[in-house]
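Secondary and tertiary structure notes
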Amino acid sequence: MRIRAITLRILQQFIHDRRTMALMFIAPLLVLSLMSLVFGSDAYEPRIGVSGGAAVFSSALEAEQAEVTSYADEASGQAALKAGAIDALLTMKGDAPAIVLEGSNPAANRTVIMALQEAAQSLRPQAPGGGQLQPQISYLYGAEDMKTIDRFGPIMIGVFVFFFVFLIAGVSFLRERTTGTLERLLSTPLKRWEIVTGYVCGFGIFTVFQALLISWFSIQVLGIMMTGSFGYVLLMTLLLSMSALTLGTLLSAFAANELQMIQFIPLVIVPQIFLSGLFPLDTLPLWLQRIGLVTPMYYGSEALMDIMVRGRGWSDIAGDVFMLIGFSLLFMLLNVLALRKHRRM
Amino acid sequence: MDEGKPVIAVTHVNRAFGDKTVLKDITLQVNQAETFGILGPSGSGKTTLVKLLTGIDEVTSGEVTVLGVRMPKLAMLQQIGYMAQSDALYTELSAKENLEFFAALYGLKGGNRTRRIGDVMELVNLQEHLRKRVDQYSGGMKRRLSLAIALLHEPPLLLLDEPTVGIDPVLRQSIWKELKALNRKGTTIVLTTHVMDEAEKCDRLAMIRDGVLLAADTPAGLLQATGTASIEEAFLCYGGVRR
């Protein structure tokens, strides 16, 4: 009855506050679209320079959509590479081809290598001693390419859901306190756990729609790689929202105003993003990896990646599901306790 | 000294936040169906005292009982109508949605809820603004809506923290009339104020300064005891130069 009243009130507030509703629904789509345009744009056309004996590759590379420039000697090719005019320079070291990659752009690196491999493949029949065509790869700048791009999509879905729900739920719970309505709620026979549960239900209804919309948009419209079950994606998105919702309302107890709530972004959200698997964790110090293990986003991203990229099912994500449920319940419990600060009974 | 048992009994109450003592050894009683005023400058501990009466806050030492029950007690909140110093309204909702929300929290249902919402809005003279969003309300209108919400569940005890701030004299007059009418129906009212002329309208008055209860009596009794002509002078007499 009372929980229903709170749930209903939150829904009404949402309906009246269209801008917040838009932030919750449209903003993630906008940002995801931007990410997809920036990182997942059409196949990059690599610019490859050839010099000396490597000129035999020219036509084969052009057939692979590469933009090929010939240089009279290796030195002028190197200069062009350093100036950024080309992404890679192909030369012959004795019998074997050698390629130097500019290296700072992982997307370009990959397309260059791909084009070169395809070109080598197509040239193979004509060339004597096939294996010789396998080029030696070296980098001008940067290092080995990482697989970040492939991992981006699923993690970004998790990140944006978490971010927006955290902020909106946190600020609206905070405003109960700053406007005095929390005190008024606590002057009614409402129990503390009923307030927390009411919030979870009210926001929960919105997060269901949000999860549905974001998952559908990412997969169907943006075409983010998806090999697993849509239902599982939805489940994980929803659970991640729940943990963001409960964490946001909990942390709002420690913020005096909206600005202080925003200050939690660098403290709570950004570290979670860095430790979520967006960047390889293996190279991090062990203590930092351990911190990642106590953040909801780590489990959400891991499961979303398992579902969307690796096409895995329930047995692989069950652990993550229970972790997220556990986080949400823990945050709710802590919030009920945090409300003791305002009313002990 | 009084007939019947008191609605509120505050006995040797201290309230400290950290090492700052906000209320010092307060003892007072409020009788049924009277309007009891708590008069004092801001920062004197009025709001803290009212919060102790609601049970939102707890005493450091001493005892508060309301209707014979030792506070804080969750079930007693159903018997109390509390109006905080801040308006505490959901400004993005309409007045009706605010009222319905709080009515539901107090367990008012169906026809009874609709009837009570109509009644209280008429009482504070806001009936034609029922469907308006609260962020379009003026300060005084918000104060009245806040009062209306406190009256919703017909509590036998009303605790009003600065109820008439920002309300114009004409409306203040009519609200006082309604409060007196509630007294006649048996409702006990405790209110805080720092307006002296308003204090005179209370049946009995407690004067507080720096967390200390200076005096508690009828306005006439206070004037007589201090030999002064106005409540303001009486307050100064108790608080300032002691004779």
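Residues numbered from 1 in each chain as written. Chains lettered and ligands numbered in written order. Predicted model: local features only at pLDDT ≥ 70, side-chain atom pairs only at ≥ 80, totals over all residues. Heavy atoms only, no water.

1. A few points about empty space enclosed by the protein
Space left empty within the atom packing is revealed by a probe, the size of a water molecule, rolled over the atoms. Residues and elements named next belong to chain A. In this structure the tally under the stated criterion is three cavities of 30 Å³ or more. Of the volumes computed, that of the largest cavity is approximately 50 Å³. Lining of the largest cavity is provided by Phe 173, Arg 177, Leu 182, Thr 249, Ser 252, Ala 253, Asn 335, Ala 338, Leu 339 and His 342. Mapped onto the lining of the largest cavity, the elements with two or more residues apiece are helix H6 (148-178) and helix H14 (314-338). Each residue belonging to the lining of the largest cavity can be placed in one class, and the counts come to five nonpolar, four polar and one charged. (1 Å grid on protein atoms, 1.4 Å probe; cavity = no way out; pocket = protein on both sides within 12 Å on 5 of 7 lines; lining within 4 Å. Points joined across faces, edges and corners; volume = space filled by probe spheres on them. Helix = DSSP H or I, 4+ residues; strand = E, 2+ residues; numbered from the N terminus. Nonpolar A, V, L, I, M, F, W, Y, C, P; charged D, E, K, R; others polar.)

2. A short note on the sheet that holds strand S3 (residues 88-93) of chain A
Sheet strands pair by backbone hydrogen bonding; their relative direction is either parallel or antiparallel. Residues and elements named next belong to chain A. Judged by pairing direction, the sheet is mixed, and its five strands sit side by side in the order S2-S1-S3-S4-S5 without closing on themselves. The sheet is open, and its two edges are formed by strand S2 (67-71) and strand S5 (136-139), each paired on a single side. The mean inter-strand angle of the sheet, taken between neighbouring strand axes irrespective of direction, is 25 degrees. Alignment of S3 against strand S4 (residues 96-101), held across six bridges, turns out to be antiparallel. By the bridge assignment for S4, Met 92 is matched with Pro 97. Sitting on the sheet, helix H4 (residues 74-83) touches strand S1 (47-51), S2, S3 and S4, and the angle it makes with S3 is about 155 degrees. (Pairing = 2+ DSSP bridges. Axes fitted to C-alpha atoms, helices over the stretch in contact; angles between N-to-C directions. Contact = heavy atoms within 4.5 Å.)

3. Section: the packing of aromatic side chains
Residue and element names in this part refer to chain A. Enumeration according to the criterion identifies 17 aromatic pairs over all chains in this entry. Judged by centre distance (5.1 Å) and plane angle (75 degrees), the ring pair of Phe 163 and Phe 164 falls under edge-to-face. Accessibility expressed as a relative area gives 7% for Phe 164, which makes it buried. Here Tyr 298 and Tyr 299 contribute two aromatic rings whose centre-to-centre distance is 5.2 Å and whose plane-to-plane angle is 85 degrees, an arrangement assigned as edge-to-face. The pair formed by Tyr 298 and Tyr 299 is uniform in burial state, with each residue classed as buried. Among the aromatic residues, those joined into a ring-pair cluster are Phe 14, Phe 25, Phe 173, Tyr 199, Phe 203 and Phe 206. (Phe/Tyr/Trp six-rings, centres within 6.5 Å; stacked < 30°, edge-to-face > 60°. Buried < 20%, exposed > 50% of the residue type's maximum accessible area, 1.4 Å probe, protein only.)

4. Examining the pairing of strand S10 (residues 212-217) of chain B
Residue and element names in this part refer to chain B. Note that strand S9 (residues 204-209) and S10 share five bridges and pair antiparallel. When the sheet's bridge partners are listed, Arg 209 is paired in S10 with Val 212. Connecting S9 to the next strand, S10, in antiparallel fashion are two residues, including Asp 210 with a positive phi near 50 degrees.

5. Some words on the nonpolar core
As a rule of thumb, nonpolar side chains are buried together in soluble globular proteins. Counting residues in each nonpolar core, the largest one holds 128 residues, and the members touching the most others are Phe 166 of chain A together with Leu 99, Met 121, Leu 145 and Met 207 of chain B. In terms of residue count, H6 of chain A provides more of this core than any other element does, 17 residues in total. Apart from the residues within four sequence positions on either side, Phe 166 of chain A is in contact with Ala 244, Leu 247, Gly 248, Leu 251, Met 261, Phe 264, Val 268 and Ile 269 of chain A. Ile 8, Val 10, Leu 53 and Tyr 82 of chain B belong to the second largest nonpolar core, which has 28 residues in total. (Core = buried A, V, L, I, M, F, W, Y, C linked by side-chain atoms within 4.5 Å.)

6. Section: the interface of chain A and chain B
Listed per partner, the contact involves 26 residues of chain A and 35 residues of chain B. Buried surface at the junction of chain A and chain B, both sides included, amounts to about 2700 Å², of which 62% is carbon and sulfur. Note that Glu 183 of chain A and Lys 51 of chain B form a salt bridge whose closest N and O atoms lie 3.1 Å from each other. Along the contact surface separating chain A from chain B lie nine residue pairs in polar contact (both at pLDDT 80 or more). Here the side of chain A that touches chain B takes seven residues from helix H1 (residues 2-16) of chain A, the largest share from any one element. A per-class count over the side of chain A that touches chain B returns eight nonpolar, nine polar and nine charged. (Buried area = accessible area lost by both parts, 1.4 Å probe. Salt bridge = Lys/Arg side-chain N within 4 Å of Asp/Glu carboxyl O. Polar contact = N/O pair within 3.5 Å; in protein donor to acceptor, adjacent residues only side chain to side chain.)

7. Some details on the confidence of the model for chain A
If pLDDT is low for a region, its predicted coordinates should not be looked at in detail. All names here are of chain A. Across chain A, pLDDT averages 83, with 88% of residues at or above 70. Mean pLDDT values for the elements of chain A range from 76 in helix H2 (residues 18-39) up to 94 in H14. This model gives residues 145-149 a pLDDT under 50, and the stretch forms seven contacts once residues within four places in sequence are excluded. (pLDDT = per-residue confidence, 0-100.)

8. Looking at the domain arrangement of chain A
Parsing chain A into structural domains produces domain 1 (47-139) and domain 2 (148-342). Averaged C-alpha coordinates put domain 1 of chain A and domain 2 of chain A at centres separated by 46 Å. (Domains from an automatic or database assignment.)

9. Side note on the state of the cysteines
Residue and element names in this part refer to chain B. Inspection of every chain in the model, using the stated rule, returns zero disulfides over all chains. Of the cysteine sulfurs around Cys 202, a residue in no disulfide, the closest is that of Cys 237, at 20 Å. You can call Cys 202 buried: its relative accessible area is 3%. (Disulfide = S-S within 2.5 Å.)

10. Quick look at the environment of Val 50 of chain A
By the element assignment, Val 50 of chain A lies in strand S1. Residues Val 50 of chain A and Met 92 of chain A, 42 residues apart in the sequence, show an inter-C-alpha distance of 9.1 Å.

11. Points about the confidence of the model for chain B
Summary statistics for chain B give a mean pLDDT of 89 and a share of 97% for residues scoring 70 or more. The complex prediction reports pTM at 0.76, with the ipTM value standing at 0.88.

12. Topic: the pattern of salt bridges
For the structure shown, the criterion picks out 20 salt bridges over all chains. For Glu 258 of chain A, the salt bridge goes to Arg 175 of chain A, with nearest N and O atoms at 3.8 Å. Here Glu 258 of chain A, found in helix H10 (residues 258-262), pairs with Arg 175 of chain A, found in helix H6; they are 83 residues apart in sequence, far enough to count as distant. The exposure class assigned to Glu 258 of chain A is partly exposed, which follows from its relative accessible area of 32%. Given the relative accessible area of 31%, Arg 175 of chain A is considered partly exposed. Of the charged contacts, one joins Arg 116 of chain B and Asp 119 of chain B as a salt bridge, the two residues approaching to 3.7 Å between their closest N and O atoms. Taken as a pair, Arg 116 of chain B and Asp 119 of chain B lie in helix H3 (residues 110-123) at a separation of three residues, close to a single helical turn. Overall, the relative accessible area of 34% leaves Asp 119 of chain B in the partly exposed class. Among the charged side chains, a salt-bridge network with shared partners connects Arg 115, Arg 116, Asp 119 and Glu 154 of chain B.

13. Observations concerning unusual backbone geometry
All names here are of chain B. With an omega of 0 degrees, the peptide bond running from Met 71 to Pro 72 counts as cis. One non-glycine residue, His 12, lies in the positive phi region at around 45 degrees. Relative to the assigned elements, His 12 resides in strand S1 (residues 8-17). Taking relative accessible area as the criterion, His 12 reaches 46% and is therefore assigned partly exposed. In the Ramachandran plot, Asp 25 falls in the positive-phi region, its phi being about 45 degrees despite a non-glycine side chain. You can see Asp 25 is positioned in strand S2 (residues 20-30).

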